[in-house]
Amino acid sequence: MTKKSYKTNTICTHAGELKDEQFKGAVSPIYLSSSYEFMDVDTKRYPRYFNTPNQEALSKKIAALEHTQAAMIFSSGMAAISNVLLTFLKSGDHIVLQNDIYGGTRHLVESQFHRYNIEYSFTDGLEASDFKKAIQPNTKLIYIETPSNPLLKIVDLKAIAKLAKSKQILTVIDNTFASPILQQPIGFGIDIVVHSATKYLGGHSDLCAGAVATSQAYIDAIWKMAITTGGNLSDFTIWMLERSIKTLGIRVKAQTKNAKKIANYLNKHHAITKVHYPGLKTHPDYKLAKQQMRGFGAMLSFEVKKDINVKTFFKALNLIKPSMSLAGVESTMLLPSETSHALLSPEDRITQGITDSLIRFSVGIEDIKDIVEDIEQAITIAAVR
Ligand SMILES: *Cc1c(COP(=O)(O)O)cnc(C)c1O
């Protein structure tokens, strides 16, 4: 790749790829060496230095997708997130976090930060004014996630970036749900993007990985932390992730197309009381989503009527898999109240809008007719007579 202005699917397929000079093979070779010829102490090549040929190549692909100067690949989304937070926060600092972030991130903050004397606040809501209210004189970082899980609420990227810049606060976004295909937060002034690459970037429910994309200067700072904490991804998995991202653009597009149709179908369904999908005109953040996303994504959630037995519904599904994870090419569903949000108190769940009949749906690439038929037959079986 030499031309600078390639379009998204071309970047997915070709950015950062390694040339097989020896045999002229079509795809990047895998370099598994954990020992390379010694150059000097600062530039030695070593997996935990995040600079093996495959690590460097894939980092370039992710940076190209997120329109950043640089990127780093980690062994999981949480490895990426924890390394970023530990790089930019120190004893005495304060962080403002969106109230409905990923459970693992919340757990990291609530279970560990007091040990490092790092203060934190969760916002009351998702408006820029909610974030402003939570800022203190020692606030160093604002952490957001949009669309949010599982209610697909949208945070205003431009407004948050503007607020943070006016107070010299760093902004970090978890861009997992949108993927760089639908949302590139750097263009709106957000400083650092993190991903659970286990989800859309991987896309086949067969690998665990994380990524960070930002300026070279911030990557240099994160790198200094990461080479001491570890958390690099094996070159085998890096190679799989590189292969996965080649189809990221077409996968996300197909999934998004399916999700939009399913959202409309569920929205009209007699057994469904509510559908949360930013692509529905009735969604409170529809306009905002349209402004900052290039598509509304393939995640949605919905609530079933009281006379549908939710447990029976799950058991009756034939095609759609009940699954904790998301974003694979296969359609999956889960009950947030019993899985991702099970550790919250019932009161906290209610304040966050997580009812017992709320179902989260990660829409896959199957034929829409088959997905709809599966939901239809499961609802019939689960109807309490
Ligand atoms: C899964 C997920 C994570 C954590 O990623 P892992 O790869 O499981 O460590 C972080 N954020 C979001 C939004 C996720 O869905």
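Residues numbered from 1 in each chain as written. Predicted model: local features only at pLDDT ≥ 70, side-chain atom pairs only at ≥ 80, totals over all residues. Heavy atoms only, no water.

Student: Tell me about the overall build of the protein chain, residues and numbers included.
Tutor: A count of helical and extended segments in the protein chain gives 14 helices and 12 strands. Taking 385 residues into account, the globule formula puts the C-alpha radius of gyration at 21 Å, and the protein chain, at 21 Å, falls close to it. A principal-axis box enclosing the C-alpha atoms of the protein chain has dimensions of 75 × 55 × 35 Å. The long-range fraction of contacts in the protein chain, counting pairs at least 24 apart against all pairs at least 6 apart in sequence, stands at 71%. Summed over all atoms, the accessible surface of the protein chain reaches about 17800 Å², with 55% contributed by carbon and sulfur. Within the protein chain, the 37 negative side-chain charges are centred at a point lying 5 Å from the centre of the 45 positive side-chain charges. (Helix = DSSP H or I, 4+ residues; strand = E, 2+ residues; numbered from the N terminus. Rg over C-alpha atoms; globule rule 2.2 N^0.38 Å. Contact = heavy atoms within 4.5 Å. Areas by Shrake-Rupley, 256 points an atom, 1.4 Å probe, with all protein chains shown as cover. Lys, Arg positive; Asp, Glu negative; His and termini not counted. Charge placed at Lys NZ, Arg CZ, Asp CG, Glu CD.)

Student: Please set out the site of the ligand residue by residue, giving values where relevant.
Tutor: Taken together, 13 residues surround the ligand, and among them Gly77, Met78, Asp174, Thr198 and Lys199 come closest. Ser196 is positioned with one of its side-chain polar atoms (N or O) 2.9 Å from an oxygen atom of the ligand. One nitrogen or oxygen atom from the side chain of Thr198 is found 2.6 Å from an oxygen atom belonging to the ligand. Here the ligand occupies the largest pocket. By residue number, the principal contributor to the shell around the ligand is helix 3 (residues 77-88), which donates three residues. (Near = heavy atom within 4 Å. Polar contact = N/O pair within 3.5 Å; in protein donor to acceptor, adjacent residues only side chain to side chain. 1 Å grid on protein atoms, 1.4 Å probe; cavity = no way out; pocket = protein on both sides within 12 Å on 5 of 7 lines; lining within 4 Å. Sits in = over half its atoms within 2 Å of the grid points.)

Student: So what's going on with the environment of Leu207? Which residues, and what values?
Tutor: If you trace the backbone, Leu207 turns up in the loop between strand 6 (192-196) and strand 7 (210-214). Relative accessible area serves as the criterion here: at 7%, Leu207 is assigned to the buried category. For Leu207 and Ile219, which are 12 residues apart along the polypeptide, the C-alpha to C-alpha distance reads 24 Å. Ignoring sequence-local partners within four residues, the contact set of Leu207 consists of Ala197, Thr198, Gly202, Thr237, Met240, Leu241 and Ser244. (Buried < 20%, exposed > 50% of the residue type's maximum accessible area, 1.4 Å probe, protein only.)

Student: Describe in detail the sheet that holds strand 11 (residues 332-334), supporting the description with residues and values.
Tutor: Strand order in the open sheet formed by five strands is 8-9-12-11-10, and the pairing between neighbours is mixed. Both outer strands of the open sheet, strand 8 (272-276) and strand 10 (321-322), are each paired with one neighbouring strand and no more. In this structure, strand 11 lies alongside strand 12 (residues 358-362), joined through three bridges in antiparallel fashion. In the sheet register, Met333 faces strand 12, and the bridge partner there is Phe361. Along the sheet, helix 10 (residues 248-267) contacts strand 8, strand 9 (299-304) and strand 12; its crossing angle with strand 9, the most-contacted strand, is approximately 15°. (Pairing = 2+ DSSP bridges. Axes fitted to C-alpha atoms, helices over the stretch in contact; angles between N-to-C directions.)

Student: Explain the side chain of Thr68 to me, using residue names and the numbers behind them.
Tutor: For Thr68, the position within the fold is in the loop between helix 2 (53-66) and strand 1 (70-74). A distance of 3.0 Å separates a polar atom in the side chain of Thr68 from the backbone oxygen of Ala70.

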